[in-house]
Amino acid sequence: MTLNRRGLLCAGLATLASGPANAQAPADAAERLSMVETVQRMFRAEPGPGLPARVSPAVADAMLAVRRHEFVPANQRVNAYENRPLPIGYGQTISQPFIVALMTELTQVSRGERVLEIGTGSGYQAAILAALGAEVYTIEIVPELGRIAGARLKRQGRSAVTRIGDGYFGWPEAAPFDAILVTAAASHVPPPLVQQLKPSGRMVIPVGPPFVVQQLVLVTKDPGGQVRTRQLLPVSFVPLTRRR
Ligand code: SAH
C-alpha cells in the first residue's frame, strides 16, 4: 500500500473517530498529519543503503494517534509537532519524530511482539510501540523521568511495563525480546542486550562517543543466533549513562 496524502488523511480521520471526544482534537490531529508528512518526505530524501524508503502505514498510523504534545513540558507544547528533539528536563530530550519513525521502522515491530526500550525519557517512543500493538518494556535511569513517563503512559491508556534502572543490563526476567531500541548513545553495544535478543531479533542503537555524532547501528540476530551489525547513519543522542 502506498502512503499518500489521502491515505494519511484517512488514517487520521479513523484515529479521530475512535479517539476520545476532545474539542482540541481536530487542531492537534492536523498538526500530527503535517508532522508525519514531513517525516515521510525525509524518508524519501534520506540517502543511504539499508534505510527504509518510506514510513509504513502502521507506523504512520501510530504517529497520527499518539498525542506528542502530551509528552513534552507545558512550555514546549507549541513546538510539540515540529520535527526536532525537545527538552524534557533533567538534561534529557524527546527524540525528533523522524528518528522515532526510523528506529521503529528499522526494528520492524509488529503486533504482539515483545519489545524492550532503553531510555524511557518522555515515554513517547514507548507509546508509539504500544500503539503498534507491541508488548512494551521500557527502562529509565532518571527516577523522576521514569515515574512521570509511567504515569503519563497509564493516563493515556498506552500499555507499557516501566522500570527505573540501568538499561545497560537489559531486563533479564522479561527476555528474550523480538526487538530492542536503545534511545541513548552507548560507547559499544551492551553484550547483555545482544544476549536478550531472540533469534531473528532486531536491535537499533546509537554507538559512539558522547555529546558528538554517533552512528545508528542495526544489530540483527539470524534464526541460528548469528549476530550481524550494520552502521546506518550519523545521529546525535544524549549519552547512555551508567549507575554510579
Ligand atoms: N525515548 C525517549 C527519549 C529518550 S532520551 C522518548 O521517547 O522521549 C534518552 C533517555 O535515556 C533519557 O531519558 C536518559 O535519562 C535515559 N538513559 C540514559 N542512560 C540510561 C541507562 N543506562 N538506562 C536507562 N535509561 C537511560
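Further up the page is the structure itself.
Cut-offs and rules
- Residues numbered from 1 in each chain as written.
- Predicted model: local features only at pLDDT ≥ 70, side-chain atom pairs only at ≥ 80, totals over all residues.
- Helix = DSSP H or I, 4+ residues; strand = E, 2+ residues; numbered from the N terminus.
- Buried ≥ 20, exposed ≤ 12 C-beta atoms within 10 Å, placed from the backbone.
- Near = placed C-beta within 6 Å.
- Nonpolar A, V, L, I, M, F, W, Y, C, P; charged D, E, K, R; others polar.
- Core = buried A, V, L, I, M, F, W, Y, C linked by C-beta atoms within 7 Å.
- Contact = placed C-beta atoms within 7 Å.
- Right-handed = clockwise from strand over helix to strand, strands pointing away.
- Pairing = 2+ DSSP bridges.
- Axes fitted to C-alpha atoms, helices over the stretch in contact; angles between N-to-C directions.

Caption draft 1: Expanded view of the overall build of the chain. When its secondary structure is counted, the chain shows 7 helices and 9 strands. For the chain, with 244 residues in total, the buried portion stands at 43%.

Caption draft 2: Seen up close, helix α3 (residues 57–65). Within α3, 7 of the 9 residues are buried, which leaves the element mostly enclosed by the surrounding structure. All buried positions along α3 are accounted for by Val59, Ala60, Asp61, Ala62, Met63, Leu64 and Ala65.

Caption draft 3: Spotlight on the site of the ligand. Close to the ligand lie 24 residues; Gly119, Gly121, Ser122, Gln125 and Gly167 are nearest. With 3 residues, strand β2 (residues 92–94) is the largest single contributor of residues to the shell around the ligand. Here the residues of the shell around the ligand sort into 11 nonpolar, 10 polar and 3 charged.

Caption draft 4: Structural view of the environment of Ala30. Structurally, Ala30 can be placed in helix α2 (residues 25–45). According to the C-beta neighbour criterion, Ala30 is partly exposed, with 13 such atoms within 10 Å. Along the chain, Ala30 and Leu64 lie 34 residues apart, while their C-alpha atoms are 9.0 Å from each other.

Caption draft 5: Up close: the nonpolar core. Counting residues in hydrophobic clusters, the biggest one holds 67 residues, and the most contacted among them are Met63, Ile128, Leu129 and Ile180. Sequence-distant contacts of Ile180, that is, excluding residues within four places in its chain, are made with Leu116, Leu193, Leu197 and Met203.

Caption draft 6: The pairing of strand β3 (residues 114–118), seen in detail. Burial runs high along β3: 4 of the 5 residues are buried. What joins β3 to strand β4 (residues 135–140) is helix α5 (residues 124–131), and the crossover it makes is right-handed. In terms of strand pairing, β3 meets strand β6 (residues 177–182) through 4 bridges, oriented parallel. From the neighbouring strand, Val115 faces β6, where its bridge partner is Ala179.

Caption draft 7: A look at unusual backbone geometry. The residue after Ala175, namely Pro176, is reached through a cis peptide bond having omega 5 degrees. Relative to the helices and strands, Pro176 is located in the loop between β5 (160–164) and β6. Not every positive phi belongs to a glycine, and Ser200 is a case in point at roughly 70 degrees. Of note in the backbone geometry, Phe211 takes a positive phi value of approximately 65 degrees without being a glycine. As for its position among the elements, Phe211 is in the loop between β7 (197–207) and β8 (214–221).

Caption draft 8: Summary view of the sheet that holds β5. With respect to topology, 7 strands assemble into an open sheet ordered β5-β4-β3-β6-β7-β8-β9, the strand pairing being mixed. The open sheet has two free edges, formed respectively by β5 and β9 (227–235), since each of these has just one partner strand. On average, adjacent strands in this sheet sit at an angle of 15 degrees to one another, irrespective of strand direction. Sheet topology note: the β7/β8 ladder contains 6 bridges and is antiparallel. Within the sheet, the bridge partner assigned to Arg202 lies in β8 and is Thr220. Each of β4 and β5 is contacted by helix α6 (residues 143–155), which is oriented at about 165 degrees to β5, the strand it contacts most.

Caption draft 9: Here's a closer look at the pairing of β7. In terms of burial, β7 is a largely internal element, 8 of the 11 residues being buried. One ladder, built from 4 bridges, connects β6 with β7; its direction is parallel. Among the inter-strand pairings, Phe177 is bridged to a residue of β7, identified as Leu197. Counting the residues between successive antiparallel strands, the hairpin from β7 to β8 contains 6 residues, one of them, Gly208, with a positive phi of roughly 155 degrees.

Caption draft 10: Structural view of the environment of Gly89. Here Gly89 lies in strand β1 (residues 86–89). Under the C-beta neighbour-count criterion, Gly89 is labelled partly exposed, with 15 such atoms within 10 Å. Considering only alpha carbons, one finds Gly89 and Glu144, 55 residues apart in sequence, at a separation of 9.7 Å.

It is worth stressing that arrangement in space is one thing and function is another; only the former is reported here.
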